[in-house]
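# Residue-level structural notes
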Amino acid sequence: MAAGRRAPRSGLLELRGPGGRWLRVLLTLAEDSLGVSPADGPGPGEAPAAQLNGGEGGSGVPEALANIRRTVHVVKQDVGGLGISIKGGRENKMPILISKIFKGLAADQTEALYVGDAILSVNGTDLSEATHDEAVQALKKTGKEVVLEVKYMKEISPYFKNSAAGATVSWDPSPSGQQKRSSPVLPPRESRTVPLKMCYVSRKCLPADPEHRYLEVCSADGRVALFLRAKDEATAQSWLGAIQGAVGALLPRVKEELRAQLAGAGTAGGRDVRHVGWLTEQLPGAGTRNLLAVLTEKELLLYGSLPQSRDALGKPVHSYPLIATRLVHSGPAKGSALDEAELAFALRAGTRLGVQSHLFSLESPRDLALWTRLLVDGTHGAAELAQEVSAACTWKGQECTLSIHIDKGFTISTTEPGLSKTILLQQPFEKLQMSSDDGTKMLYLDFGGPEGEIQLDLHSCPKTIVFIIHSFLSAKVTRLGLLA
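Residues numbered from 1 in each chain as written. Predicted model: local features only at pLDDT ≥ 70, side-chain atom pairs only at ≥ 80, totals over all residues. Heavy atoms only, no water.

### Concerning the environment of Gln-427
- The topology assignment puts Gln-427 in strand 24 (residues 421–427).
- Residue Gln-427 is classed as buried on the basis of its relative accessible area, which comes to 18%.
- For the pair Gln-427 and Phe-410, spaced 17 residues apart in sequence, the C-alpha to C-alpha distance is 5.2 Å.
- If sequence neighbours within four positions are ignored, Gln-427 has contacts with Lys-408, Gly-409, Phe-410, Phe-447 and Glu-451. (Helix = DSSP H or I, 4+ residues; strand = E, 2+ residues; numbered from the N terminus. Buried < 20%, exposed > 50% of the residue type's maximum accessible area, 1.4 Å probe, protein only. Contact = heavy atoms within 4.5 Å.)

### Re helix 8 (residues 463–479)
- Its 17 residues give helix 8 an end-to-end C-alpha distance of 24 Å, which sits within 8% of 24 Å, the value for a rise of 1.5 Å per residue.
- Those residues of helix 8 that fall on the buried side of the exposure criterion are Lys-463, Ile-465, Val-466, Phe-467, Ile-468, Ile-469, Ser-471, Phe-472, Ser-474, Ala-475 and Lys-476.
- With its phi angle positive at about 75°, Gly-481 sits one or two positions after the end of helix 8. (Expected span 1.5 Å × (residues − 1).)

### Some words on the pattern of salt bridges
- Evaluation of the coordinates by the stated rule reveals 16 salt bridges.
- As a salt-bridge pair, Arg-229 and Glu-14 come within 2.8 Å of each other at their nearest N and O atoms. Of this pair, Arg-229 sits in strand 13 (residues 225–229) while Glu-14 sits in strand 1 (residues 9–16); the two residues are 215 residues apart in sequence, bridging distant segments of the chain.
- In this structure Glu-14 comes out as buried when scored by relative accessible area, which is 3%.
- Here Glu-256 makes a salt bridge to Arg-259, at a shortest N to O gap of 2.8 Å. With a gap of three residues between them, Glu-256 and Arg-259 both fall in helix 5 (residues 251–263), about one helical turn apart.
- Assessed through its relative accessible area of 48%, Glu-256 is described here as partly exposed.
- You can call Arg-259 partly exposed: its relative accessible area is 26%.
- Several salt bridges converge on common partners, so that one network encompasses Glu-256, Arg-259, Asp-272, Arg-274 and Glu-297. (Salt bridge = Lys/Arg side-chain N within 4 Å of Asp/Glu carboxyl O.)

### Concerning the side chain of Ser-121
- When you line up the elements, Ser-121 lands in strand 7 (residues 117–122).
- On the basis of relative accessibility, which here comes to 10%, the residue Ser-121 falls in the buried class.
- Filtering out sequence-adjacent residues up to four positions away, Ser-121 remains in contact with Asp-126, Leu-127, Val-147, Leu-148 and Glu-149.

### Examining the pairing of strand 12 (residues 214–218)
- Counting buried positions along strand 12 yields five of five residues, so the element is predominantly enclosed.
- Here strand 12 shows no split at all, with Tyr-214, Glu-216 and Cys-218 on one side and Leu-215 and Val-217 on the other all buried.
- Direction of pairing for strand 12 relative to strand 13: antiparallel, over a ladder of five bridges. Looking at the pairing, Cys-218 lines up with Ala-225 of strand 13.
- The hairpin turn running from strand 12 into strand 13, its antiparallel successor, is six residues long, and Gly-222 in that turn takes a positive phi close to 75°. (Pairing = 2+ DSSP bridges.)

### Focus on unusual backbone geometry
- Of note in this structure, His-212 is not a glycine but carries a positive phi near 55°.
- Within the fold, His-212 resides in the loop between strand 11 (200–202) and strand 12.
- Phi at His-459 takes a positive value of approximately 70°, unusual for a residue other than glycine.
- Within the secondary structure, His-459 sits in the loop between strand 27 (454–457) and helix 8.
- Residue His-459 is classed as partly exposed on the basis of its relative accessible area, which comes to 44%.

### Comments concerning the sheet that holds strand 1
- Judged by pairing direction, the sheet is antiparallel, and its seven strands sit side by side in the order 10-3-2-1-13-12-11 without closing on themselves. Edge positions in the sheet fall to strand 10 (192–195) and strand 11, since each has one partner strand and no second. Neighbouring strand axes in the sheet, compared pairwise and without regard to direction, differ in orientation by 30° on average.
- The pairing of strand 1 with strand 2 (residues 22–29) spans eight bridges and is classified as antiparallel. Paired with Leu-15 across the strands is Leu-23, a residue of strand 2. (Axes fitted to C-alpha atoms, helices over the stretch in contact; angles between N-to-C directions.)

### Re helix 4 (residues 233–249)
- Relative to the 24 Å expected for 17 residues at 1.5 Å per residue, helix 4 spans 24 Å between its end C-alpha atoms, a close match to the ideal helical length.
- Thr-235, Ala-236, Trp-239, Leu-240, Ile-243, Ala-246 and Val-247 are the residues of helix 4 that are buried. What you see down the axis of helix 4 is that its buried residues fit within an arc of 140°, all on one side.
- Packed against the buried residues of helix 4 are strand 1, strand 2, strand 3 (33–38), strand 11, strand 12 and helix 5.
- Measuring from the side-chain oxygen of the N-cap residue of helix 4 to the backbone nitrogen of Ala-234 gives 3.4 Å; that N-cap residue is Asp-232. (Arc of directions from axis to C-beta. Polar contact = N/O pair within 3.5 Å; in protein donor to acceptor, adjacent residues only side chain to side chain.)

### Points about the side chain of Thr-280
- Tracing the backbone through its elements, the reader meets Thr-280 in strand 14 (residues 273–282).
- A polar atom in the side chain of Thr-280 sits 3.4 Å from the side chain of Tyr-200.
- Ignoring sequence-local partners within four residues, the contact set of Thr-280 consists of Tyr-200, Thr-288, Arg-289, Asn-290, Leu-359, Phe-360 and Ser-361.

### Points about the packing of aromatic side chains
- A complete count under the given rule lists eight aromatic pairs for this structure.
- Ring centres of Trp-22 and Tyr-214 lie 5.9 Å apart, and the angle between their planes is 25°; on these two criteria the pair is classed as stacked. With a gap of 192 residues between them, Trp-22 in strand 2 and Tyr-214 in strand 12 connect regions that are remote in the sequence. Comparing Trp-22 with Tyr-214, the two get one shared label, buried.
- Cluster of aromatic residues (ring-pair linked, three or more members): Phe-410, Phe-429, Phe-447 and Phe-472.
- Sitting above the plane of the Phe-227 ring, Arg-16 keeps its charged end 5.7 Å from the centroid.
- We note Arg-229 situated over the ring of Trp-22; from NZ or CZ to the ring centre the distance is 4.1 Å. (Phe/Tyr/Trp six-rings, centres within 6.5 Å; stacked < 30°, edge-to-face > 60°. Lys NZ or Arg CZ within 6 Å of the ring centre and 35° of its normal.)

This is how it looks when you write it as structure tokens:
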């Protein structure tokens with residue numbers, strides 16, 4: 001293995017498909033991809049990946065055991081659990097059946113369990129009417145010593161020879177089949193690779209899981225979405241960290257590709273890419289959507305998926321100049337559609353059509369702190385880059401130009417045809433005592449001078465100018481070291 005390359009990580013999880021069916025899969029995490037393949041073996045926590053093709057066990061079942069209730073004591077191993085795989089369940093109109101016994105593990109060591117045994121109860125809990133998931137949970141919740149009541153179902157043994165390991169549903173999604181929080185089901189022995197470049201991964205899944213075992217993975221182009229379930233919360237968190245780490249390692253490459261696209265995009269040329277990452281937007285009506293945020297030195301660009309071309313890069317879902325964007329909330333979201341402890345931040349952007357607000361949630365406190373710092377610093381940096389903005393206005397019935405300079409302050413001027421510019425009023429930021437607006441077209445400024453309150457008609461919504469004034473003031477205060 002080349003120096004610096006990580007060894008692939010693999011493990012068993014469950015994949016949710018249409019209809020809520022869970023399929024056991026083997027995940028293999030490489031440097032730039034996540035491999036998913038069907039696993040004809042035990043569920044998460046029941047056997048290590050190395051035992052997936054272990055012995056069938058129970059090949060010679062004594063005739064006298066057929067349809068006889070038996071009690072078998074099993075001592076779980078620290079690794080591999082019971083060492084069995086099960087099929088059936090009430091939803092399949094079948095009992096819970098042992099479909100595989102893994103050689104050398106706990107069940108195999110009893111020499112008293114067989115493939116084809118129906119599990120009637122576990123530690124006294126009746127499984128005769130249990131669904132497959134209920135049986136899996138009952139088996140997982142047992143302690144080290146497990147008492148199984150079983151009965152060998154001779155008449156059902158052909159079931160294991162003829163049944164497929166999973167539903168034969170096509171992997172490739174169609175527009176009508178792409179349902180949120182549902183995954184395509186792998187046909188038997190088919191594998192799939194999900195590129196990790198800007199892959200979306202989260203444990204903040206809906207519907208919520210009280211056991212916190214869910215994990216959602218989606219490719220950057222949105223074509224492949226996986227809804228996974230781990231054996232426990234710690235395993236789900238471990239996989240989240242591992243996938244995030246692999247995605248993060250590819251981030252410098254993504255930034256370079258985006259910079260190259262920006263450099264050749266005409267008016268977009270020269271913009272640096274400061275950060276790229278996924279945000280979950282809380283929509284009105286309790287819905288959510290995932291957006292890829294590209295933060296440049298001047299703008300916040302939001303996309304539905306990773307832009308793969310200059311044309312796609314130039315067509316974001318939303319584009320907000322940082323100088324007219326304000327971070328108004330950062331921390332646990334109050335009254336959000338998700339948990340009250342959700343990590344989130346709120347943005348307000350001043351536009352000619354009014355104020356646009358967005359509430360975004362993130363995966364961890366670290367992500368929240370990073371985005372908060374980048375947005376605040378980005379706004380200040382954009383203000384320093386712009387230095388000055390101007391807008392046409394009407395003051396005292398005269399057509400004028402309002403200019404706002406980060407150092408020189410406010411200037412109202414007029415230019416007559418053939419004449420030089422005439423300054424009607426000039427005031428520094430330090431003199432500004434109050435600013436307000438009517439939300440429609442009027443901007444009100446008060447410098448405490450004899451002219452009183454200055455009323456400027458900006459001919460469109462004044463929120464863009466109001467937000468820019470705030471950004472200039474905030475940048476000036478930060479210059480003085482008054483803000484951390």
